[in-house]
Amino acid sequence: MPMSPYVQSIRAQIGHDFLLLPGVTAVIRDGERFLLARHAHSGLWSLIGGGIEPDEEPSDAVAREVFEETGARIRITGVVGAYGGEPLLVTYPNGDQVGYVTIAYECELLSEATPDLDEIIELGWFSREAIFTLPRRDWIDRVIRDCS
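Draft legend 1. Representation of the side chain of Arg11 within the structure. Along the chain, Arg11 falls in helix α1 (residues 5-14). Aside from chain neighbours lying at most four places away, what touches Arg11 is Met3, His16, Asp17, Leu19, Asp96, Gln97 and Val98.

Draft legend 2. Seen up close, the side chain of Arg128. Tracing the backbone shows Arg128 in helix α3 (residues 128-131). Polar side-chain contacts of Arg128 include one of 2.6 Å to the backbone oxygen of Ile144. The residues contacting Arg128, other than those within four sequence positions of it, are Arg29, Glu32, Phe34, Ile144, Arg145, Cys147 and Ser148.

Draft legend 3. Expanded view of the packing of aromatic side chains. The tally for this structure, following the rule as stated, stands at one aromatic pair. For the ring pair Trp45 and Phe126, a centre distance of 5.0 Å and an interplane angle of 75 degrees mean the geometry is edge-to-face. Residue Trp45 is found in strand β3 (residues 45-46), and its partner Phe126 is found in strand β8 (residues 120-127); the two are separated by 81 residues along the sequence. Given the relative accessible area of 7%, Trp45 is considered buried.

Draft legend 4. Summary view of the environment of His16. Turning to its location among the elements, His16 is positioned in the loop between α1 and β1 (19-30). For the pair formed by His16 and Arg73, sequence separation is 57 residues and the distance between their alpha carbons is 34 Å. Those residues in contact with His16 that lie beyond four places of it in its chain are Arg11, Asn94, Gly95, Asp96 and Gln97. Polar side-chain contacts of His16 include one of 3.3 Å to the backbone oxygen of Asn94.

Draft legend 5. Focus on the layout of surface pockets. Roughly 1300 Å³ of internal volume is contained in the largest pocket. Elements with a minimum of two residues in the lining of the largest pocket: α1, β1, β4 (48-51), α2 (58-70), β6 (89-91) and β7 (97-109). For the lining of the largest pocket, the element with the highest residue contribution is β1, accounting for seven residues. Residues belonging to the lining of the largest pocket are distributed by class as follows: 25 nonpolar, 13 polar and eight charged.

Draft legend 6. Broad picture of the environment of Gly51. Turning to its location among the elements, Gly51 is positioned in strand β4. Under the relative-accessibility criterion, Gly51 is labelled partly exposed at 28%. Once the C-alpha coordinates of Gly51 and Gly23 are considered, the two residues, 28 residues apart in sequence, prove to be 4.2 Å apart. Setting aside chain neighbours within four positions, we find Gly51 in contact with Pro22, Gly23, Glu56, Ala61, Arg64 and Glu65.

Draft legend 7. Layout of the pairing of β7. As paired elements, β1 and β7 share ten bridges and run parallel to each other. Looking at β7, one finds that Leu21 is bridged to Tyr100. In the sheet, β6 pairs with β7 via three bridges, with the strands oriented antiparallel. Paired with Leu89 across the two strands is Gly99, which belongs to β7. Between β6 and the antiparallel strand that follows it, β7, lie five residues; Gly95 among them carries a positive phi value of about 100 degrees.

Conventions we followed
Residues numbered from 1 in each chain as written. Predicted model: local features only at pLDDT ≥ 70, side-chain atom pairs only at ≥ 80, totals over all residues. Heavy atoms only, no water. Helix = DSSP H or I, 4+ residues; strand = E, 2+ residues; numbered from the N terminus. Contact = heavy atoms within 4.5 Å. Polar contact = N/O pair within 3.5 Å; in protein donor to acceptor, adjacent residues only side chain to side chain. Phe/Tyr/Trp six-rings, centres within 6.5 Å; stacked < 30°, edge-to-face > 60°. Buried < 20%, exposed > 50% of the residue type's maximum accessible area, 1.4 Å probe, protein only. 1 Å grid on protein atoms, 1.4 Å probe; cavity = no way out; pocket = protein on both sides within 12 Å on 5 of 7 lines; lining within 4 Å. Points joined across faces, edges and corners; volume = space filled by probe spheres on them. Nonpolar A, V, L, I, M, F, W, Y, C, P; charged D, E, K, R; others polar. Pairing = 2+ DSSP bridges.

Structure representation (structure tokens):
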């Protein structure tokens, strides 16, 4: 999904300057395997997630993001943790600087997931060991390690 109207309005005022944004991450598991998504803009693998919109509950945001990107419904079964700092700093090709703070939710799928082919070009189930060998967003390593 393109930049939200909320973020667009902030960008109109601050240009490419640093912006701290709240986000959510879905940790979807099937036993010992994790569902990862390969992102169209980077080609890297990551967990599914995105931004929290104004007045939106984080738990609603994670369900919305999973549905938008995969068409799947989820059930939240717990909170893995909250993550931020240097590993979640991004400078986009257009020069926008962003720092994300994300809440990672443990989730289970309630329906089939397929990539939206816009943001997500591929989905795959991977063991922990396999994840650490993929071209990926490095910050997900902490999230995966924090899952019991």
